[in-house]
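Observations on the three-dimensional arrangement
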Amino acid sequence: MDFETIRTETRGPVALVTLNRPEALNALNSRVLEELIRAFAEFEADPEQRCLVLTGAGDKAFAAGADIKEMAAMAAADFYAADFFSRWTSHIVKATRKPWIAAVNGFALGGGCELAMMADITIAADTARFGQPEIRLGVGPGMGGSQRLTRAIGKAKAMEMCLTGRMMDASEAERAGLVARVVPRAQLLEEALKLAEEIAAQPPLAAIAVKEMVNAAFETTLEQGLIFERRVFQVLAGTADKAEGMAAFIAKRPGQWTGR
Ligand code: DAK
């Protein structure tokens, strides 16, 4: 089955996935979710691919949210029976151990903002705008906005955004800690790919492990997180890439990673 709503390509060790419904501002529907699940699974399964960049087609939007036209006709029982949109977490966030980056090229609203926040690193074009406007539709965030936004930018701003639906521009998003970096629109993809290549060049097992370590900070107490970090360090110390990395440092040469 070919992809209809996304485009995928690989650039060396980097996978590039583009949400491709620009006429609907890349709104996320069930088909997009299924295709993204497949694209992320292919990325995860291919040992040659080390980092993924997700962006949106066109200049206007990363994703303007879940597809309102798909949801408008759905009854509560439909959402519940299908456990609608529950697979974002289980099949993308949790299933992807390798690092991935969201390159936000325009509106990231509702589910679009939530998708950007699922990424390990979010970078934004100076034209990007973030928001959780679901309240204006009579609902609330449904893909993690109330939780991830609050953890990213704190209660005061998250509460204000979720209760009013107002948008945040890229520089406010950077100041608030929602995005790692803001770059001019014309350079977004290049910068995102450069960042992905830099991550892809690291020892692969360490990249997976470091992602697990940082994510543990959101799931555990400080004490448990520190123990987890130490244990993972100790596991990494047994890898061939640790021996190579330290030998390469001492010999003043670049490391050659085997992922072992
Ligand atoms: N869904 C469907 N179509 C959308 C869309 C969306 N979210 N956003 C934009 N479009 C479509 C427009 O309908 C229009 O289509 P045509 O009329 O040309 O056919 C086209 O994209 C261009 O949009 P506009 O004409 O509106 O463009 P403007 O520049 O005037 O405005 C805008 C841009 C981004 C301000 C505006 O489009 C807008 O406000 N869009 C909606 C933003 C929004 O409310 N997003 C949140 C959606 S709710 C769940 C989990 C999660 C969710 C739901 C359930 N479960 C676990 C159950 C998530 C919910 C959401 O994300």
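Here's a quick rundown of the structure. (Residues numbered from 1 in each chain as written. Predicted model: local features only at pLDDT ≥ 70, side-chain atom pairs only at ≥ 80, totals over all residues. Heavy atoms only, no water.)

A look at the sheet that holds strand 4 (residues 61-63)
- Judged by pairing direction, the sheet is mixed, and its four strands sit side by side in the order 4-6-8-9 without closing on themselves. Bordering the open sheet on either side are strand 4 and strand 9 (168-169), each of which pairs with just one other strand.
- The pairing of strand 8 (residues 129-131) with strand 9 spans two bridges and is classified as antiparallel. Each bridged residue has a counterpart across the sheet, and for phenylalanine 130 the counterpart in strand 9 is methionine 168.
- Helix-sheet contacts for helix 5 (residues 111-118) involve strand 4, strand 6 (107-109) and strand 8, and the interaxial angle to strand 6 is about 95°. (Pairing = 2+ DSSP bridges. Helix = DSSP H or I, 4+ residues; strand = E, 2+ residues; numbered from the N terminus. Contact = heavy atoms within 4.5 Å. Axes fitted to C-alpha atoms, helices over the stretch in contact; angles between N-to-C directions.)

Some words on the layout of surface pockets
- Estimates place the volume of the largest pocket at around 1300 Å³.
- Taken together, 40 residues make up the lining of the largest pocket; nearest its centre are Met118, Ala119, Asp120, Asn215 and Phe218.
- Broken down by element, the lining of the largest pocket gets its largest block of residues, eight residues, from helix 10 (residues 204-216).
- The class makeup of the residues in the lining of the largest pocket is 22 nonpolar, 10 polar and eight charged.
- Of the voids in this model, the second largest pocket is the one considered here, and its volume is about 590 Å³.
- Taken together, 24 residues line the second largest pocket, and the ones lying closest to its centre are Ala66, Met71, Glu134, Val139 and Gly140.
- Those elements that place two or more of their residues in the lining of the second largest pocket are helix 2 (68-71) and helix 5.
- By residue class, the composition of the lining of the second largest pocket is 14 nonpolar, six polar and four charged. (1 Å grid on protein atoms, 1.4 Å probe; cavity = no way out; pocket = protein on both sides within 12 Å on 5 of 7 lines; lining within 4 Å. Points joined across faces, edges and corners; volume = space filled by probe spheres on them. Nonpolar A, V, L, I, M, F, W, Y, C, P; charged D, E, K, R; others polar.)

Topic: the packing of helix 6 (residues 145-153) against helix 7 (residues 155-164)
- Two numbers describe how helix 6 lies on helix 7: the axes approach to 7 Å, and their chain directions differ by 140°. Classified by the angle between their axes, helix 6 and helix 7 sit oblique to one another. Note that helix 6 runs across helix 7; the crossing there is right-handed. The segment helix 6 lies against helix 7, with Leu149, Thr150 and Ile153 engaging Lys155, Lys157, Ala158, Met161 and Cys162.
- Of the residues in the contact of helix 6 with helix 7, the class split is five nonpolar, one polar and two charged. (Parallel < 35°, antiparallel > 145°, perpendicular 65-115°, else oblique. Left-handed = near helix turned anticlockwise from the far one by under 90°.)

Here we look at helix 11 (residues 222-236)
- Taking 1.5 Å as the rise per residue, helix 11 with 15 residues should run 21 Å; its terminal C-alpha atoms sit 21 Å apart, in good agreement.
- Buried within helix 11 are the following residues: Gly225, Val232 and Leu236. Down the axis of helix 11, the buried side of the element spans an arc of 40°, and every buried residue falls inside it.
- Summarising the contacts, the buried residues of helix 11 are in contact with helix 10 and helix 12 (240-250). (Expected span 1.5 Å × (residues − 1). Buried < 20%, exposed > 50% of the residue type's maximum accessible area, 1.4 Å probe, protein only. Arc of directions from axis to C-beta.)

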